[in-house]
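Chain by chain, the residues:
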Amino acid sequence: MKRRRSQAGTTLVEVLIAVTLLSLLFVAMSFALRIGINAYQKTTAKLMEDRRVAGAQRILESEIEGLLPAVTPCGNRPPAAQPDQSWFGFFQAAPSVMRFVSTFSLQEAWRGGPHILELFVIPRDDGPGVRLVVNEVPYYGPIAAGRLCTNLAPGDAFKIPQFLPVVATGQSFVLADKLAYCRFNYLWRLRKQNPADVNPATVWTPTPSNNDWPIAIRVEMAPVETDPATLQPLTITATLHLHLESAIQYVDY
């Protein structure tokens, strides 16, 4: 009588169960990995956005605090052909445009030469709101900078310089985007009514209040959509420490 030989092996049902379990495990690991990658990407995007907003605010403060009290002639005429009244402090103060000479620039920070900065607000072309843009032009001296001035318009008690309009180009840098609004305000020191007054009154206005330099500049900003999970553009105020008269022509020796 022949003895039956035992056969060890795996059945087809067992193979199908093993493959199914491995497939489910792979799918679960894929979902977990995808969730982790999405969380990492969202965290990185928020972190980069926070860094961009914080960096733009630091740049904006540095640009304003680096304001150089340049005094230039207005127009294209040579200085010898212009009366002393044509020299003015090179500073354009408007609610949505600000133009001045600064020792800080995006390309060279505090290390390079002075630049003419044109800060202005333009509407967004890809959605609601506005954006804050800056142009940088190397400062080649008072004569070259004075060509940006068209004339000195008579005001109530002082002449207001009129400038060429600012234009956004491919070289313009966006400092802040997706803003509900962005406006400039300037703190001016009022003229002393009493010569003995040590602390004259000050006033915040969006336009020039006198022909001196402002003592502070405030940039008011607010986002279109508020997101508590990210750093939002905030209103910044930069103080200026200038002790020169804007109507006096200074000469370097």
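Overview of the structure.

Attention shifts here to the overall build of the chain. When you go through the chain residue by residue, the secondary structure sums to 2 helices and 13 strands. In the chain, buried positions account for 35% of the 253 residues. Of the roughly 16300 Å² that the chain leaves accessible, carbon and sulfur atoms contribute 59%.

Let us now look at the pattern of salt bridges. Using the criterion set out here, one finds 8 salt bridges in the structure. Taking the shortest distance from any N to any O, the salt bridge between Asp177 and Arg131 comes out at 3.1 Å. Here the residue Asp177 occupies a position in strand β10 (residues 173-189), and Arg131 occupies one in strand β7 (residues 130-138), the gap between them amounting to 46 residues. In this structure, Glu220 and Arg218 form a salt bridge, with 3.2 Å as the shortest nitrogen-oxygen distance. Residue Glu220 is classed as buried on the basis of its relative accessible area, which comes to 14%. With relative accessibility at 22%, the residue Arg218 sits in the partly exposed group. Linked through salt bridges whose partners overlap, the residues forming this network are Arg124, Asp125, Asp126, Arg131 and Asp177.

Turning our attention to the side chain of Glu63. Within the fold, Glu63 resides in helix α1 (residues 12-65). Buried within the structure, Glu63 lacks any salt-bridge partner; Arg58 is the closest side chain of opposite charge, at an N-O distance of 12 Å. Excluding anything up to four places from it in sequence, Glu63 contacts Phe100, Ser102, Phe104, Leu106, Leu117, Leu119, Val134, Glu136 and Leu175.

Together, Leu12, Val15, Leu16 and Val19 give the surface a local cluster of nonpolar side chains, amounting to about 370 Å² of exposed area. For Val15, the location among the structural elements is in helix α1.

Cut-offs and rules
Residue numbering note: each chain is counted from 1, following its sequence as written. Where totals are concerned, whole chains, interfaces and linings use all residues; where local detail is concerned, this predicted model gives features only for residues with pLDDT of at least 70, and gives and counts side-chain atom pairs only at 80 or more. The side-chain numbers reported here are obtained from all heavy atoms of the structure, hydrogens and water having been left aside. Numbered from the N terminus, helices here are DSSP runs of H or I no shorter than four residues, and strands are runs of E no shorter than two. For the exposure calls, accessible area comes from a 1.4 Å probe over protein chains only, and a residue counts as buried if that area is under 20% of its type's maximum, exposed if over 50%, partly exposed in between. Residue exposure ignores everything except the shown protein chains as possible cover, and the areas themselves are Shrake-Rupley values with a 1.4 Å probe. Definition used for salt bridges: Asp or Glu carboxyl oxygen within 4 Å of a side-chain nitrogen of Lys or Arg. Neither His nor the chain ends is counted toward charge; the positive residues are Lys and Arg and the negative residues Asp and Glu. Contact between two residues is taken to exist if any of their heavy atoms lie within 4.5 Å; hydrogens are not considered. Here the term patch refers to residues with relative accessible area over 30% and no salt bridge, with like charges joined within 9 Å and nonpolar side chains (Val, Leu, Ile, Met, Phe, Trp, Tyr) within 5 Å.

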